[in-house]
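Structural overview
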Amino acid sequence: MEEKILDILEEVCEDSDVRDDLDMDLFEEDLLDSLAFAELLVAIEDQLGVVIAPSEVTRDDMNTANKIIQMVQSKAN
Amino acid sequence: MSFFSGAPFFGVVFIIAILALLLGYTERPLKWLNVVTSILVVGFVLVEKPRQLFFFLMFYIIELVLVKGYLKIRTEKGRQVATYRIAVFLSIVPLILCKAGEIVCLYQIKWFQFVGISYLTFRCVQMIVESYDGVIKEIKVLDFTVFLMFFPTFSCGPIDRSRRFVEDFHKVYKRQEYLELFGTGLEKIFLGLVYKNVIATIFFQIMEELPKATIMEKFIHVYSYGFYMFFDFAGYSLMAIGVAYMLGIKVPENFKKPFLSVDMKDFWARWHISLSEWFRDFIFSRFIMLSMKKKWFPTRLFGASVGFIINMFVMGLWHGPSVHYILYGLYHGVLLALTEIYQKKSKFYKRNKKKKVYRFVSWFITFQLVMFGFLIFSGQLIAY
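Bear in mind the structure is a predicted one, so any value in this text is a computation, not a measurement. (Residues numbered from 1 in each chain as written. Chains lettered and ligands numbered in written order. Predicted model: local features only at pLDDT ≥ 70, side-chain atom pairs only at ≥ 80, totals over all residues. Heavy atoms only, no water.)

**Some words on the domain arrangement of chain B**
Residue and element names in this part refer to chain B. Each assigned domain of chain B is listed here: domain 1 (31-169), domain 2 (183-253) and domain 3 (259-378). For domain 1 versus domain 3, the distance between C-alpha centres works out to 28 Å. Taken together, the contact between domain 1 and domain 3 spans 16 residues of the former and 14 residues of the latter. Here domain 1 packs against domain 3, burying approximately 1,300 Å² in sum over the two surfaces, 63% of which is carbon and sulfur. Three residues, Phe122, Ile159 and Arg161, lead the burial of domain 1 against domain 3; their summed loss comes to 43% of the area buried on that side. Salt-bridge contacts for arginine 161 lead to aspartate 281; the nearest nitrogen and oxygen are separated by 3.0 Å. Our enumeration of links across domain 1 and domain 3 arrives at seven residue pairs in polar contact (both at pLDDT 80 or more). At the level of elements, helix 4 (81-100) and helix 5 (117-133) are the ones that each hand at least two residues to the side of domain 1 that touches domain 3. Here the side of domain 1 that touches domain 3 gets eight residues from one element, more than from any other, and that element is helix 5. In terms of residue class, the side of domain 1 that touches domain 3 is built from eight nonpolar, two polar and six charged. (Domains from an automatic or database assignment. Contact = heavy atoms within 4.5 Å. Buried area = accessible area lost by both parts, 1.4 Å probe. Salt bridge = Lys/Arg side-chain N within 4 Å of Asp/Glu carboxyl O. Polar contact = N/O pair within 3.5 Å; in protein donor to acceptor, adjacent residues only side chain to side chain. Helix = DSSP H or I, 4+ residues; strand = E, 2+ residues; numbered from the N terminus. Nonpolar A, V, L, I, M, F, W, Y, C, P; charged D, E, K, R; others polar.)

**Focus: the interface of chain A and chain B**
Where interface size is quoted, it is often the accessible area lost as the parts come together. Listed per partner, the contact involves 18 residues of chain A and 21 residues of chain B. The contact between chain A and chain B buries some 1,800 Å² in all, and 56% of this surface belongs to carbon and sulfur atoms. The interface formed by chain A and chain B contains five salt bridges. For the side of chain A that touches chain B, the secondary structure elements donating two or more residues are helix 1 (2-13) and helix 2 (34-48) of chain A. Considering only residue class, the side of chain A that touches chain B consists of eight nonpolar, two polar and eight charged.

Written out as structure tokens, the structure reads:
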């Protein structure tokens, strides 16, 4: 699961740096914005079958790779 | 009485603040104070215009039935796209009728024209959409009523979200935490008063007194109007947030130094934030997600550009069915699309974006674009 999410993140952010530091703030580093975030949610739904609505989470809940992994895992269970 | 102006309103707020302080200091719930004061204050404001009061009550009943009714259907029948879309559409019908009444040829239909309807509609749509998402499982009538009628944010926002609001509404604060919240609220109210009644007034005076003869004077007019807009609205928002804090509700912020924005995307992350985030979460993101799933567009960037333009077009239209508001929306939509394309495609941008000189030039250009946007918004573009 974790590996798959990192693959998705790498694709959406168009940058392999996301793997280097899983606690990096992706919004502050300009790796994620509103558009990339929407793409991320679609990819998570398509590839992992986990549905997260855009207004369901705040940016602070999903601003690092680790938080995203945690969120998807908690929704998957 | 009207919201956030004049002695009667501030007199009432003063009394409410003392009651809130007494409850908060003794660690009692603020819930019932919120219920009673919201109904009373909104009632007092609307009762002076019986037609507005009537349409507000109609609006309240219609939206309550829609929100509760849709949630019931959603719980029993699951996610049905058609019912969901009908419910969302019906919930904005009152707003559509209200705005349609502003078009000259339809001037006779003055339905649903009451203070606050534009902002209240956001809250109702949000509850229906999040019910569809499965994020909202329950909406109590009392929670719905106070969320809708909470008096500090009734007429002009900030646009709060129901789940966040309801959590605060039921919260009982510890003394220390409440006193800090109350203090912050007080600071915000004073800052808001200075913004709105001192600084905005100065810019307004400049616009009133200064002739528009030379180019220089015209420029000063445009910039004064931009600053007036900011200090007037940000001041109002600060007061609304401040009073809400005193009542234990941490309403979201609305402005974050918008004139320091380095690009147009940055601007919309700093200007009327509760509005732009609402549009982001309920229109832009959903449009992008749907268009990706259905593969409407050949490239992501193309889809994003269309998304920005539609999003801002609706935002413009929401201000009112006038040419200048629609132009204002389209202007920002096109600028956001261009910004997106530039930032994704330009190697020059990627190389230089972190440099100080680049950021300064980018800030300067953004500032002019923002000010020109206000000129469109003012409806005075042709007059210049």
